[in-house]
Amino acid sequence: MKYILMHRELPVAVLDINPNNASINHVDEVLVADHLPINVKRDKFHISQDLDKWFSGRAIPASRSGFRQALEDLAIQRGIDLSPGKLLMECYGLSLSDQYWVSPADAPLDWAKINFYDNPFSEDVGNFLFGQIVERGMLNLTSPCNTSDGWLKKKWKIIDGQRVLVKSGSGLPQQEPFNEVVATAICRRLQIPHVTYKLLWENGKPYSVCPNMTTDRQDLVSAYAIYSSGKKPNHLSAFDYFIGRCEQLGIPGSRRAISQMLALDFLICNQDRHFGNFGAIRDAVTLDWQNMAPIYDSGTSMWQDQYATQIHARADVAAKPFRNTHRQQIELVARNLDWLDFSALQGLQEEVYAIYAQAHFGEPDRAVILSRAVAARCDYLQTLTHELTPPMVSVNDICARATARATEVNAAHNENIRSAPEQVPQHE
């Protein structure tokens with residue numbers, strides 16, 4: 001079936017798509033190449049494959065917690081056989097992260113009337129993804145939940161007119177929502193651009209809730225798309241290549257933003273900062289890069305999968321995306337941490353404890369241990385920055401030292417003259 005790949009109101013390409021599984025069989029024609037996703041190669045040998053991979057990547061991942069069970073329950077209760085691809089086509093690929101979508105070629109749709117930024121959407125998909133029963137006969141599959149990524153349960157809602165993302169935790173502790181709030185507190189103190197997360201309780205369970213970070217004119221472009229939009233030379237590290245690629249594309253402030261992200265991840269021991277949960281913001285109309293995206297998705301952190309007795313705050317921890325450990329990643333940005341004001345972290349331990357004290361972890365001392373661990377990570381990072389960064393010497397210091405040295409030399413020279421034995425002239 002023929003569809004038009006759209007970027008807001010702009011037709012970008014003519015596609016042949018299987019509506020049952022959202023697979024792109026063929027790209028018939030490219031209309032505006034500049035508006036293709038940035039990591040899609042534009043030659044005829046790769047474009048269909050690249051677009052198919054990109055489009056299928058917009059669907060809910062099959063690994064999402066409880067997703068398979070939800071689809072099976074829906075098939076049993078309603079006789080509706082759904083797949084990630086079919087759900088993707090039910091909402092025409094529309095998202096609350098960017099402005100791409102597909103419109104049937106034989107029955108064109110109006111973006112202004114169907115986009116999720118300006119129009120209401122059903123919460124049915126989100127509810128059944130959370131295991132909630134949807135009333136018979138009321139199921140509506142038009143939802144931005146169909147294009148949400150990640151493995152934790154999540155759903156989009158409209159609260160007081162604002163589009164917000166609600167995300168669950170995992171396991172018995174359900175710690176991830178609290179971690180998001182802790183990351184928000186640290187970002188606020190250090191003035192790191194971030195998405196603000198708050199706690200939401202539903203039926204006695206904790207969830208994190210945050211507002212949408214994009215407007216109806218912005219695209220969130222993942223770090224993966226940026227990274228794969230070029231070819232990394234063998235002699236460059238992943239870090240150097242990514243920073244260089246951002247600078248080549250004209251993304252402002254990338255080096256500082258990455259240093260802020262890695263510093264935060266060090267403090268909270270983030271285990272899952274992969275290339276899919278950070279990125280940059282682009283104007284969907286002009287294609288101008290506006291900035292790196294604010295920090296988001298920091299829940300898989302703070303030893304959320306370990307018993308409190310196994311937490312060792314100063315131990316090195318596995319990290320992503322540039323190096324294998326957090327210490328190694330801090331070494332990459334040690335010279336770019338001049339923005340880091342450790343005095344702003346005073347009192348953080350008490351604030352973190354107040355956040356975790358709301359949880360029902362099942363371990364009586366977990367909130368205390370976690371808050372102390374954060375404080376210890378702050379001290380550890382401060383120590384590392386002193387070790388890894390040589391003291392900066394200003395031009396004035398250099399001049400002052402040179403003047404002092406010259407004075408010492410002159411004084412020594414004069415002393416030598418005064419102490420030298422007097423030469424008696426010889427007369428013939």
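Each chain carries its own residue numbering, running from 1 in the direction its sequence is written. Confidence filtering applies because this is a predicted model: local features only for residues at pLDDT of at least 70, side-chain atom pairs given and counted only at 80 or more, and all residues used for totals across whole chains, interfaces and linings. Only heavy atoms go into the side-chain values, all of them from the structure, while hydrogens and water stay out.

Chemist: Break down the packing of helix H8 (residues 238-249) against helix H9 (residues 254-268) for me, citing the residues and quoting the values.
Modeler: Think of each axis as a best-fit line through the C-alpha atoms, taken over the contacting stretch in the case of a helix, with angles from 0 to 180 degrees between the N-to-C directions. For helices the rule is a DSSP run of H or I covering at least 4 residues; for strands it is a run of E covering at least 2, with both sets numbered from the N terminus onward. The N-to-C vectors of H8 and H9 enclose an angle of 140 degrees; their axes lie 9 Å apart at closest approach. Classified by the interaxial angle, the pair formed by H8 and H9 is oblique. Each of Phe-239, Phe-242, Ile-243, Cys-246 and Glu-247 in H8 lies in contact with H9, whose residues at this interface are Ser-254, Arg-255 and Ile-258. Residues are grouped as follows: nonpolar covers Ala, Val, Leu, Ile, Met, Phe, Trp, Tyr, Cys and Pro; charged covers Asp, Glu, Lys and Arg; every other residue, Gly included, is treated as polar. For the contact of H8 with H9, the residue count by class is 5 nonpolar, 1 polar and 2 charged. Reported orientations rely on four angle classes, namely roughly parallel under 35 degrees, roughly antiparallel over 145, roughly perpendicular from 65 to 115, and oblique for the rest. We call two residues in contact when some of their heavy atoms are within 4.5 Å.

Chemist: Provide a residue-level description of the nonpolar core, including the pertinent values.
Modeler: Within this scheme, the nonpolar core is defined by two criteria: the residues are buried Ala, Val, Leu, Ile, Met, Phe, Trp, Tyr or Cys, and they are joined through side-chain atoms within 4.5 Å. Only protein chains enter the calculation, and the probe is 1.4 Å; a residue is then buried if its accessible area is under 20% of its type maximum, exposed if over 50%, and partly exposed in between. In this structure, Ile-186, Leu-190, Phe-242, Ile-258 and Tyr-356 are the most contacted members of the largest nonpolar core, which totals 64 residues. Elements represented by at least two residues in this core include exactly helix H6 (176-190), helix H7 (223-227), H8, H9, strand S11 (289-292), helix H10 (326-333), helix H11 (348-356) and helix H12 (366-388). For this core, the element with the highest residue contribution is H9, accounting for 9 residues. Apart from the residues lying within four places of it in its own chain, the contact partners of Phe-242 are Ala-223, Ile-226, Tyr-227, Ile-258, Phe-275, Phe-278, Met-292 and Phe-322. By size, the runner-up hydrophobic cluster in this structure holds 32 residues, among which are Cys-91, Phe-121, Trp-156 and Cys-210.

Chemist: Which residues make up the environment of Lys-44, and what values go with them?
Modeler: Secondary-structure assignment places Lys-44 in the loop between strand S3 (23-30) and helix H1 (47-56). Looking at Lys-44, the relative accessible area reads 69%, which means it is exposed.

Chemist: Please provide a residue-by-residue account of empty space enclosed by the protein, values included.
Modeler: A 1.4 Å probe that fits but cannot get out identifies a cavity on a 1 Å grid over protein atoms alone, an open set with protein on both sides within 12 Å along at least five of seven lines counts as a pocket, and a residue lines either if it has an atom within 4 Å of a point. Grid points are joined across faces, edges and corners, and a volume is the space filled by probe spheres set on the points. The tally for this structure, following the rule as stated, stands at 1 cavity of 30 Å³ or more. Computed from the structure, the largest cavity encloses a volume of approximately 40 Å³. Forming the walls of the largest cavity are Glu-180, Ala-183, Thr-184, Cys-187, His-194, Val-195, Tyr-197, Leu-264, Ile-295, Tyr-296 and Ser-298. Of the residues forming the lining of the largest cavity, the biggest block, 4 residues, is contributed by H6. Its residues assigned to classes, the lining of the largest cavity shows 7 nonpolar, 3 polar and 1 charged.

Chemist: Explain H6 to me, and be specific about the residues and the numbers.
Modeler: With 15 residues, H6 extends 21 Å between its outermost C-alpha atoms, agreeing within 8% with the 21 Å of an ideal straight helix rising 1.5 Å per residue. Taking burial as the measure, the 15 residues of H6 include 13 buried ones, the bulk of the element. Once H6 ends, the next one or two residues include Gln-191, with phi positive near 55 degrees. Given a helix with a known number of residues, its expected span is that number minus one, times 1.5 Å.

Chemist: Quick one: what's the story with the layout of surface pockets, residue by residue and with numbers?
Modeler: Volume-wise, the second largest pocket comes out at about 250 Å³. Residue lining of the second largest pocket: 11 residues in total, with Ala-334, Leu-337, Asp-338, Thr-385 and Thr-389 positioned closest to the centre. Considered class by class, the residues forming the lining of the second largest pocket number 5 nonpolar, 4 polar and 2 charged.

These results come straight from atomic positions and should not be treated as a statement about function.
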